[in-house]
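So the chains spell out like this:
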Amino acid sequence: MTGYASETGEISLNSVAYAAQWDLRSVNGRGLDLRFRLPDWLDGLEGSLRKILSDKVKRGNVSLSLKLSRSESAGPMRLNPAALDAAVTMVMAAEARAEARGLGLAPMTAADLLALKGVIDTGPETLDQAALVAELLTRAEALLAAFDAMRAAEGAALAAVIGAQIDTIARLTAEARQAAAARRPDQIDSLKAALARLTEAAPGVDPGRLEQELALIAVKTDVTEELDRLDAHVTAARRLMAQSDPMGRKLDFLMQEFNREANTLCSKAQSADLTRIGLDLKTVIDQMREQVQNLE
């Protein structure tokens, strides 16, 4: 089933800000195929997201991407005394060495010292990956909720379309029963005429044997079983559509059974009305099968 959701937000950890941009989408597929594009320096995020999506989605090609950028926040600045002492020592050593060689250096100001790397702390240098992953997973809940809402809306629309198609199959099956009953007198007359022709052409043939052969022909053209199975498939399809669990694969298999009965009905039709109904059945079954491919 198709679906799409995107989310953007900011995460702050230890005075470090992360801008997160999520993109989650799915398209139809026979099985479940999960694909991720995540920062490769975040350990454990893909495994957790794979489990969450596997629990929520049972069918389709699903892709999830995350763009994560880091920027230092404007948190409180702190003086690093050890780094300052080291910087002063280095500056003094550089000035003394330059003076010994007769080279005069411009005097350094306090601002120059504070601009040296490490003298001012703006936040920790180490990254707490576990905390960041946990926060990302929490933020992903809103993305998944929006994704589920879109898929649920599409599912409701598909259910209405497929439900109408099931009703059409039921109506055409009922029409086929009427057409089959209407053709019965013509079948009887046709079989009687065939028996008369065979008896005239082969007078020595056992009439009982001829009647048995014609009875077999009548059985082979009877469509009662096909219509009964179509009714049973309609009942099964409605039962599946009433379930809240994923039913796409089961309905996909049921569509093969629908199509098999419609094909057999057409091959046994032997009347224009029954042939027309059989073709109409094949058309709506094919349309329904296309829609079923969109279900999870």
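Rules behind the numbers
- Each chain has its residues counted from 1, following the order in which its sequence is written.
- Under the rules for a predicted model, residues below a pLDDT of 70 receive no local features and side-chain atom pairs below 80 are neither given nor counted, while totals for whole chains, interfaces and linings still include all residues.
- Computation of side-chain values: all heavy atoms of the structure, hydrogens and water removed.
- Numbering of helices and strands runs from the N terminus, with a helix taken as a DSSP run of H or I at least four residues long and a strand as a DSSP run of E at least two residues long.
- Remark: exposure states derive from per-residue accessible area (1.4 Å probe, protein chains only) relative to the maximum for the residue type, with buried under 20%, exposed over 50%, and partly exposed in between.
- Put simply, buried Ala, Val, Leu, Ile, Met, Phe, Trp, Tyr and Cys residues joined by side-chain atoms within 4.5 Å make one nonpolar core.
- Throughout, a contact is declared for two residues whenever any of their heavy atoms are within 4.5 Å.
- One speaks of a salt bridge when a side-chain nitrogen belonging to Lys or Arg is within 4 Å of a carboxyl oxygen belonging to Asp or Glu.
- The predictor reports its confidence for every residue as pLDDT, a score running from 0 up to 100.

Let's shift gears to the environment of Ile-11. Mapping Ile-11 onto the fold places it in strand S1 (residues 3-13). For Ile-11, a relative accessible area of 1% gives the class buried. The sequence separation of Ile-11 and Leu-136 amounts to 125 residues, and the corresponding C-alpha distance is 8.1 Å.

Bringing the nonpolar core into the picture now. Within the largest apolar cluster, 32 residues are counted, with the highest numbers of intra-cluster contacts made by Ile-169, Leu-251, Phe-258, Leu-274, Leu-281 and Ile-285. When contributions to this core are tallied by element, the ones reaching two or more residues are helix H4 (129-201), helix H6 (224-241), helix H7 (248-268) and helix H8 (272-292). When residues of this core are assigned to their parent elements, the largest contribution, eight residues, is made by H4. Discounting residues that sit within four places of it in the chain, Leu-281 has contacts with Ile-169, Leu-172, Thr-173, Leu-230, Ala-262 and Leu-265.

A few words on the pattern of salt bridges. With the rule as written, the count across this model stands at 19 salt bridges. The salt bridge involving Asp-148 is made with Arg-151; its shortest N-O contact spans 3.8 Å. A residue pair is termed a helical-turn pair when its members lie 3 or 4 positions apart in one helix, as Asp-148 and Arg-151 do in helix H4 at three residues. Look at Asp-148 and you get partly exposed, because its relative accessible area is 26%. The buried category is assigned to Arg-151, whose relative accessible area is 8%. A salt bridge links Glu-261 to Arg-229; its shortest N-O distance comes to 2.9 Å. Here Glu-261 is found in helix H7, whereas its partner Arg-229 is found in helix H6, with 32 residues between them in sequence.

This brings us to the confidence of the model for the protein. A low pLDDT score tells you not to read the predicted coordinates there in detail. When the pLDDT values of the protein are averaged, the result is 83; 82% of them are 70 or greater. Of all secondary-structure elements in the protein, the lowest mean pLDDT belongs to helix H5 (residues 207-220), at 59, while H6 reaches the highest, 94.

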